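Residue-level structural notes
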Amino acid sequence: MRDTMTADANAEQDKARRFRDAALPYLDDVFALARYLLRNPADAEDAVQECYLRALRHFDSYRGPAMKPWLLAILRNVCNAEFARRGKQEAPADDAEDEPPSDQSPLWQEAPASPEAALLRHQDGATIRRLIAALPQPFREAIVLREVNELSYQEIAEVAGVPVGTVMSRLARARSMLRSAWNAGETVACGTAPGSVS
Amino acid sequence: MNCAECEILLHALIDGELDAGHARDVEAHVATCAGCAEKLEAFRAMRSAMAAADLKEKAPAHLRGRIEAALSLPPQAPAQVITPRKFLPPSRRSFFGGLAVGTALSAAIAATLILTVFPNDREQTVADEVVSAHIRSLQPGHLMDVETSDQHTVKPWFDGKVDVAPPVIDLTAEGFTLLGGRLDYIDGEPVASVVYKRRKHIINLFVAQRLGATHANVTDRTIQGYNVRHWSTGGLDFWAVSDLDPSELDEFVGKISAALHGSSS
């Protein structure tokens, strides 16, 4: 009895170890996506932990192709469950909770000479993060998977569960919205209901 | 190609996702359309600004520790040991079917079970973790937190990050180049790792107050093809891990030990 238990437990430990070696190197990527999707550090940490526990449970059935998009897809499901728990659509106004009151406004009040001038001017990471955080969920997800997680279009399509064509149109929309926010000096207008996209 | 198509495809061009035929089409359109040319330029600039801003996130060390701790336990019972704050509300337990989630009593029983099943070889567990930490460190961007060959930069960097002052020994003259240092987590504790290199081989020297059993003699083992050496001296535990040839790793350990004794006398 004891021997059987020990053998089973050893097999489980071995699996946990193989999983850890394969999956933990992507912790920063998983955390980044959680952080951008949930916009709240404590929720992001819980989601990442839940993602790793779920991934471990499904590790036996994991056949590839690549570990990073697989983990990010699981994380995305965890986040969607969290959105459902919050019981409301992501409201872009939420990010006021996360972000300290903006002391960056002077940066925005210098009217740029031209859109290009604004784009080429150095913007600090915090400002860009704020602009990304203000994007409606599907666009934010697409742009983060591309620019932060550095996935290919095919991988983004797998993670988001949409065709590559949709990925392309979402990225185009996401960048257009970012660009106008970047130039206008205010967060993206949220007139578009997240449900109405693509 | 019209402007509407171009507005979508120019992003694929920027992202290097377009095949040569479509790339030519986009470029041909852009050459004749000032509006699309301006957009292409602007989005290129935006993309490089975003790349320069470094929008990546680094997972906090305590999260890494939490997950490591959760994963090092048999997965029949992870939910009892570390329950994410809100993703396992009681009402949804059935959703995670098969997990034995229960009362505090069963959690206590499970904890006892784990302790009974894995009491014996903490040394082996630590050795495995040391090797895992070594493998993780070899992933791109994970090797060093402080990157310098100057031992006087590496040593103070650890101040306040770990509860020991790890000896940082320059062995460049002896053929082991000091690359830098890193904070790592082993057995749930923060440990210092001093990183060396011989030819193409990385050596991680983990230093902690107590990591496994204490013994002055060097013990050696091989785990997953990596050579591991462990010894204790001066109240510190040392673990050296590398894919370096065993005899060369022994040479490394010998030189570190010699330098430690030289400096402490």
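In this report, we go over the structure that sits alongside the text.

Parameters and conventions
- Residues numbered from 1 in each chain as written.
- Chains lettered and ligands numbered in written order.
- Predicted model: local features only at pLDDT ≥ 70, side-chain atom pairs only at ≥ 80, totals over all residues.
- Helix = DSSP H or I, 4+ residues; strand = E, 2+ residues; numbered from the N terminus.
- Buried ≥ 20, exposed ≤ 12 C-beta atoms within 10 Å, placed from the backbone.
- Contact = placed C-beta atoms within 7 Å.
- Nonpolar A, V, L, I, M, F, W, Y, C, P; charged D, E, K, R; others polar.
- Expected span 1.5 Å × (residues − 1).
- Axes fitted to C-alpha atoms, helices over the stretch in contact; angles between N-to-C directions.
- Parallel < 35°, antiparallel > 145°, perpendicular 65-115°, else oblique.
- Left-handed = near helix turned anticlockwise from the far one by under 90°.
- Core = buried A, V, L, I, M, F, W, Y, C linked by C-beta atoms within 7 Å.
- Pairing = 2+ DSSP bridges.

1. Points about the overall build of chain A
Regarding its fold elements, chain A presents 11 helices and zero strands. Going from N to C terminus, chain A has its helices and strands arranged as α-α-α-α-α-α-α-α-α-α-α. Within chain A, the proportion of its 198 residues that are buried is 42%. Sequence-distant contacts in chain A: of pairs separated by 6 or more residues, those separated by 24 or more amount to 71%.

2. Quick notes on the interface of chain B and chain A
Listed per partner, the contact involves 42 residues of chain B and 49 residues of chain A. Contributions of two or more residues to the side of chain B that touches chain A are made by helix 1 (3-14), helix 3 (34-53), helix 4 (61-71) and helix 7 (122-137) of chain B. The leading source of residues in the side of chain B that touches chain A is helix 3 of chain B, at eight residues. Grouping the amino acids of the side of chain B that touches chain A by side-chain chemistry returns 22 nonpolar, six polar and 14 charged.

3. Comments concerning unusual backbone geometry
Residue and element names in this part refer to chain B. The backbone of Arg199 sits at a positive phi, close to 50°, despite the residue not being glycine. Tracing the chain through its elements places Arg199 in the loop between strand 3 (189-198) and strand 4 (201-208). Exposure remark for Arg199: the 8 C-beta atoms within 10 Å place this residue in the exposed category. Positive phi is not limited to glycine here, since Gln224 has a value of about 50°. Its place among the elements puts Gln224 in the loop between strand 5 (219-223) and strand 6 (226-233). The partly exposed category is assigned to Gln224, around which 14 C-beta atoms lie within 10 Å.

4. Examining the environment of Glu123 of chain B
Residues and elements named next belong to chain B. With respect to the secondary-structure elements, Glu123 resides in helix 7. Separated by 107 residues in the primary sequence, Glu123 and His230 place their C-alpha atoms 9.8 Å from one another. Leave out the neighbours within four places in its chain, and Glu123 touches Gly212 and Ala213.

5. Considering helix 3 (residues 41-57) of chain A
The end-to-end C-alpha separation of helix 3 of chain A is 24 Å, in line with the 24 Å expected for 17 residues at 1.5 Å each. Within helix 3 of chain A, 13 of the 17 residues are buried, which leaves the element mostly enclosed by the surrounding structure.

6. Quick word on the packing of helix 1 of chain B against helix 3 of chain B
Two packed helices can be described by the angle between their axes and the distance between those axes. Residues and elements named next belong to chain B. In the contact formed by helix 1 and helix 3, the axes pass within 10 Å of each other and the chain directions differ by 30°. On the basis of the axis angle, helix 1 is roughly parallel to helix 3. In this structure, the crossing between helix 1 and helix 3 has a hand that is right-handed. Judged by residue contacts, Cys3, Cys6, Glu7, Leu10, His11 and Ile14 of helix 1 engage Gly35, Cys36, Lys39, Leu40, Phe43, Arg44 and Arg47 from helix 3. Taken together, the residues that form the contact of helix 1 with helix 3 break down as seven nonpolar, two polar and four charged.

7. Let's talk about the nonpolar core
The biggest cluster of nonpolar side chains holds 72 residues, and the ones touching the most others in it are Val30, Ala34, Val48, Cys51, Leu71 and Leu75 of chain A. It is helix 2 (residues 27-38) of chain A that contributes the most residues to this core, nine residues altogether. For Leu75 of chain A, the contacting residues outside a window of four places in its chain are Val30, Leu33, Ala34, Ala47, Val48 and Cys51 of chain A. The next biggest cluster of nonpolar side chains, apart from the first, holds 35 residues, and it includes Val126, Phe158, Leu211 and Ala240 of chain B.

8. Focus: the pairing of strand 3 of chain B
All names here are of chain B. Note: strand 2 (residues 177-186) against strand 3, nine bridges, orientation antiparallel. Considered in strand 3, the bridge of Leu183 is made with Ala192. The hairpin formed by strand 2 and strand 3 contains two residues between the paired strands, and Asp187 there has a positive phi angle of roughly 55°. Examined bridge by bridge, strand 3 and strand 4 share seven bridges and lie antiparallel to one another. Across the sheet, the residue bridging to Ala192 is Val207, located in strand 4. Once strand 3 ends, the chain turns through two residues before running back antiparallel as strand 4, passing Arg199 with a positive phi of about 50°.

9. A closer look at the sheet that holds strand 4 of chain B
All names here are of chain B. Strand order in the open sheet formed by seven strands is 1-2-3-4-7-6-5, with antiparallel pairing between adjacent strands. Taken across any chain shown, the strands that pair with only one partner, and hence form the sheet edges, are strand 1 (146-147) and strand 5. Sitting on the sheet, helix 4 is in contact with strand 2 and strand 3, with an inclination near 60° to strand 2. Helix 7 contacts strand 2, strand 3, strand 4, strand 5, strand 6 and strand 7 (236-242) of the sheet and is inclined by roughly 125° relative to strand 2.

10. Some details on the packing of helix 3 of chain A against helix 4 (residues 67-86) of chain A
Residue and element names in this part refer to chain A. One can describe the packing of helix 3 onto helix 4 by two numbers: an axis separation of 9 Å at closest approach and a directional angle of 125°. Regarding the angle of helix 3 to helix 4, the classification is oblique. In this structure, the crossing between helix 3 and helix 4 has a hand that is right-handed. Contacts from Asp43, Ala47, Val48, Glu50, Cys51, Arg54 and Ala55 of helix 3 reach helix 4 at Leu71, Ile74, Leu75, Val78, Cys79 and Glu82. Within the contact of helix 3 with helix 4, the residues separate by chemical class into nine nonpolar, no polar and four charged.

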